[in-house]
Amino acid sequence: MPRTKAVDEIFCRSCGEPIKEEAEICPECGVRNKQEKSSQTSSPPSASVKHDPSQYETTVSDTWYYGIAAGAGLWILLLAIASATGSESAFLGLIVLVAWVLIPVATYFDAKYVRANSQWNPNTVVWCIAGAIWLINIVSAAAYLYRRHEALGEP
């Protein structure tokens with residue numbers, strides 16, 4: 001089940017559970033989520049700061065991962081048909097066009113959803129470019145879906 005938060009909630013910086021924004025301590029894991037004002041101003045920003053999904057809001061659907069999976073499936077189907085028949089056709093050209101566009105577009109929109117609803121902040125540019133490179137995109141789509149599953153528990 002995907003982790004979702006209400007408008008007045010944030011994700012715990014330790015366990016990732018949705019908690020009330022004004023909560024100082026997470027009721028799930030007991031970690032302090034609000035820092036002292038003095039520690040916020042005196043310490044420089046660190047490169048190891050975790051992603052805060054409460055900074056992002058999106059109206060993007062959570063079903064864009066179907067497009068990533070369908071695009072990868074189309075590429076596999078294309079490779080199977082092309083190797084079995086050894087010929088080129090308009091139908092294969094259509095499959096190439098749809099599959100080539102589907103993976104990067106679906107990845108772009110799904111990354112917006114993932115960024116706003118999990119602790120993972122996918123680099124949209126890298127994933128979309130990897131999704132547009134022929135044959136690399138099959139591996140890229142599988143890796144993205146695996147990483148998404150780790151972050152959200154789905155698909």
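Our subject is the structure listed above.
As the structure is a prediction and not an experimental result, all values here were calculated from the model.

## A look at helix H3 (residues 90–117)
Helical geometry: 3.6 residues make up each α-helical turn, so side chains three or four residues apart lie on a common side.
Point 1. For H3, spanning 28 residues, the distance from its first C-alpha to its last is 40 Å, which sits close to the expected 40 Å at 1.5 Å a residue.
Point 2. The sharpest bend along H3 measures roughly 25 degrees and falls at Leu102, with the proline Pro104 sitting one to four residues further on.

## Quick word on the environment of Thr85
Point 1. Inspection of the secondary structure assignment puts Thr85 in helix H2 (residues 65–85).
Point 2. Only 2.8 Å separates the side chain of Thr85 from the backbone oxygen of Ile81, close enough to count as a polar contact.

## Let's talk about helix H4 (residues 124–132)
Point 1. Those residues of H4 lying buried are Thr124, Trp127, Cys128, Ala130 and Gly131. End-on, the buried residues of H4 take up no more than an arc of 160 degrees, which puts them together on one face.
Point 2. Each element contacted by the buried residues of H4 is listed here: H3 and helix H5 (136–152).

## Quick notes on the pattern of salt bridges
Point 1. Applying the stated criterion across every chain, the model contains one salt bridge.
Point 2. Here Arg148 makes a salt bridge to Asp110, at a shortest N to O gap of 2.7 Å. Remark: Asp110 occurs in helix H3 and Arg148 occurs in helix H5; sequence separation between them is 38 residues.

What counts, and at which threshold
- Residues numbered from 1 in each chain as written.
- Predicted model: local features only at pLDDT ≥ 70, side-chain atom pairs only at ≥ 80, totals over all residues.
- Heavy atoms only, no water.
- Helix = DSSP H or I, 4+ residues; strand = E, 2+ residues; numbered from the N terminus.
- Expected span 1.5 Å × (residues − 1).
- Bend = angle between axes of the 7 residues up to and from the residue.
- Polar contact = N/O pair within 3.5 Å; in protein donor to acceptor, adjacent residues only side chain to side chain.
- Buried < 20%, exposed > 50% of the residue type's maximum accessible area, 1.4 Å probe, protein only.
- Arc of directions from axis to C-beta.
- Contact = heavy atoms within 4.5 Å.
- Salt bridge = Lys/Arg side-chain N within 4 Å of Asp/Glu carboxyl O.

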